[in-house]
Amino acid sequence: MKWSFTIAKLFGTRVQIHLTFLLLLVFVAAQYYFASGAEAAVRGVFLIISVFFCVLLHEFGHVAAALKYGITTPKITLYPIGGIASLTRIPKKPLQELVVAAAGPAVNLTIALIIVLIRGNVPTIPAEGVLTAGFSIVDALFWVNASLFFFNLIPAFPMDGGRMFRALLGLFLSRGTATHLAVTVGQVIAIAGAIWAMSNGQILLTFIAAFIFLAGKGEETMVDQELLLEGHTAGEAGMSDFKTFHLDDKLNKVIDKILEGDQDVFPVINDLKDCIAAISFNEVIAAIQHYGPDAHVRDAVNSVPEQIPESTPAFDAWQKLARSRMAGAAVVDEAGHLKKWLTNRQFSEFMVVQALAGHKPERSLRAAATEEI
Ligand SMILES: [Zn+2]
């Protein structure tokens, strides 16, 4: 089932809405309808849509700043908890990362300031809340944008403030040390926030604090892995001795190979040795359940894996593999023929070897092993 669908394409970026976002609209409409009637429901939905329009402008702030450095953003996804701009890469130069991260909150600050300029003063919130009858949507949007600005400046991942803080530290420290320090500060803030939220009975805020704590760990692991792969190419990281299958091969041949244990995902090739599909244990099982024991490889596969040129930086190749949501990726030569084979397991093993060879700290070994779990 498709969970996100595209509503627009602007400046080369697809704007997608996650299905759960529509559920939020239905929930808000129902809540206000039963509490205050149809008019309040329409207002509620209108306000939520306006809020998300501001979130979208925030994300386009990041997109525009990234584009300045030649980084494209294939998509922005709107979730009930906010938006995510999926940049093709995060700039590694601290100053560039600072500008890209700051561009989002800067949009919210600009909107809030424009509202103040137009009104001539800072709007006050009615005691009954912004959704009561007669509320001004513009006043509400001032507070929404002011909140988005301050919330995103909290120096903790995955908020923009976390990235800005790391970028500022990165002006003086190595990327690894800057990330470690920024993550530690973010986690201290998350723990303090969780303690405050729990003692005040704020369940949602407790969950957000826990999420921020885990996101910090995730960011640290990713940067450690990035450092382990630094200076290596997809050609170096890929497997050179691997088994391939053809579309006409029987699936029990694949099972025999899986049971041998050296490889868990296999490229499927044509007569020209081009990789046209990938096959893994789960696909084999699903096809045998559906078509019976005599099924062929062609019955089990459906999409073409990423074709990654040999000279691609290893970390970029790994991200491409992750984004493709497939179990393997083909490393190809200039003519497009399959040269090496990449899987998550291969990447983990390659990183463990790098960590051991480089006598990196224990943290990087853990980072390397994360994908194995
Ligand atoms: Zn942002």
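Everything that follows concerns the structure shown earlier in this document.
Fair warning: this is a prediction, and the values are worked out from it, not measured in the lab.

Reading the values: rules and limits
Residues numbered from 1 in each chain as written. Predicted model: local features only at pLDDT ≥ 70, side-chain atom pairs only at ≥ 80, totals over all residues. Heavy atoms only, no water. Helix = DSSP H or I, 4+ residues; strand = E, 2+ residues; numbered from the N terminus. Buried < 20%, exposed > 50% of the residue type's maximum accessible area, 1.4 Å probe, protein only. Salt bridge = Lys/Arg side-chain N within 4 Å of Asp/Glu carboxyl O. Donors = N, O, S within 2.8 Å, 3.2 Å for Na, K, Ca; no water. Contact = heavy atoms within 4.5 Å. Axes fitted to C-alpha atoms, helices over the stretch in contact; angles between N-to-C directions. Left-handed = near helix turned anticlockwise from the far one by under 90°. Pairing = 2+ DSSP bridges.

Chemist: So what exactly am I meant to see when it comes to the environment of Thr-124 here?
Modeler: With respect to the helices and strands, the residue Thr-124 is situated in the loop between α3 (94–119) and α4 (137–153). A residue is classified by how much of its surface remains accessible, and Thr-124, at 66% relative accessible area, is exposed.

Chemist: Is there a simple way to think about the pattern of salt bridges in this case?
Modeler: When the charged atoms of two side chains lie near each other, side chains of opposite charge can form a pair. According to the stated counting rule, one finds 12 salt bridges in the structure shown. Close ionic contact of Glu-97 with Arg-163 constitutes a salt bridge, the shortest N to O distance being 3.9 Å. Of the two residues, Glu-97 sits in helix α3 while Arg-163 sits in helix α5 (residues 160–170), which places them 66 residues apart along the sequence. Arg-163 is paired through a salt bridge with Glu-219; the nearest N and O atoms lie 3.4 Å apart. Here Glu-219 lies in helix α7 (residues 203–229) and Arg-163 lies in helix α5, a separation of 56 residues in the sequence. Here Arg-163 matches Glu-219 in class, with each residue buried.

Chemist: It is not clear to me how the coordination of the zinc ion should be interpreted in this structure. Could you clarify?
Modeler: Six octahedral donors around a metal ideally make angles of 90 or 180 degrees; four tetrahedral donors ideally make 109.5 degrees. Taken together, the protein donors to the zinc ion comprise His-58 (NE2), His-62 (NE2), Asp-160 (OD) and Asp-160 (OD), at separations of 2.1 to 2.6 Å. Ordering the donors of the zinc ion by residue number gives the pattern H-x3-H-x97-D. With a gap of 98 residues between them, His-62 in helix α2 (residues 38–68) and Asp-160 in helix α5 connect regions that are remote in the sequence. Residue His-62 is classed as buried on the basis of its relative accessible area of 7%. Take Asp-160: its relative accessible area is 9%, and that puts it in the buried class.

Chemist: Before we go on, may I ask you to explain unusual backbone geometry in this structure?
Modeler: Glycine aside, the phi torsion of most residues is negative, and most peptide linkages are trans. Along the chain, Phe-157 connects to Pro-158 via a cis peptide bond; the corresponding omega equals 5°. The phi angle at Lys-273 is positive, at roughly 65°, despite the residue not being glycine. By the secondary structure assignment, Lys-273 is in the loop between β5 (265–269) and β6 (275–280). Since its relative accessible area comes to 55%, Lys-273 is described here as exposed.

Chemist: What's the story with the side chain of Gln-346 in this structure? I'm lost.
Modeler: Considering the arrangement of structural elements, one finds Gln-346 in helix α13 (residues 344–357). For Gln-346, the contacting residues outside a window of four places in its chain are Ala-237, Gly-238, Met-239 and Trp-341.

Chemist: Help me understand the packing of helix α9 (residues 251–260) against helix α10 (residues 281–291) in this model?
Modeler: The relative placement of two packed helices is expressed as an angle between their axes plus a distance between the axes. As a packed pair, α9 and α10 sit with axes 10 Å apart at the nearest point and diverge in direction by 145°. Here α9 runs over α10; the crossing is left-handed. Side by side, α9 and α10 meet where Leu-251, Val-254, Ile-255 and Ile-258 of the first sit next to Phe-281, Val-284, Ala-287 and Ile-288 of the second.

Chemist: Could you clarify how one ought to interpret the sheet that holds strand β7 (residues 307–309) in this entry?
Modeler: Two modes of strand pairing occur in sheets, parallel and antiparallel, and in both the strands are linked by backbone hydrogen bonds. The strand order β7-β8-β9 describes an open sheet built from 3 strands, whose pairing is mixed. If you trace the sheet from one side to the other, it starts and ends with β7 and β9 (338–343), each paired once. Going across the sheet, the axis of each strand differs from the next one's by a mean of 35°, ignoring polarity. Strand contacts of helix α12 (residues 314–324): β7, β8 (328–332) and β9, with the helix running at about 70° to β9, the strand carrying the most contacts.

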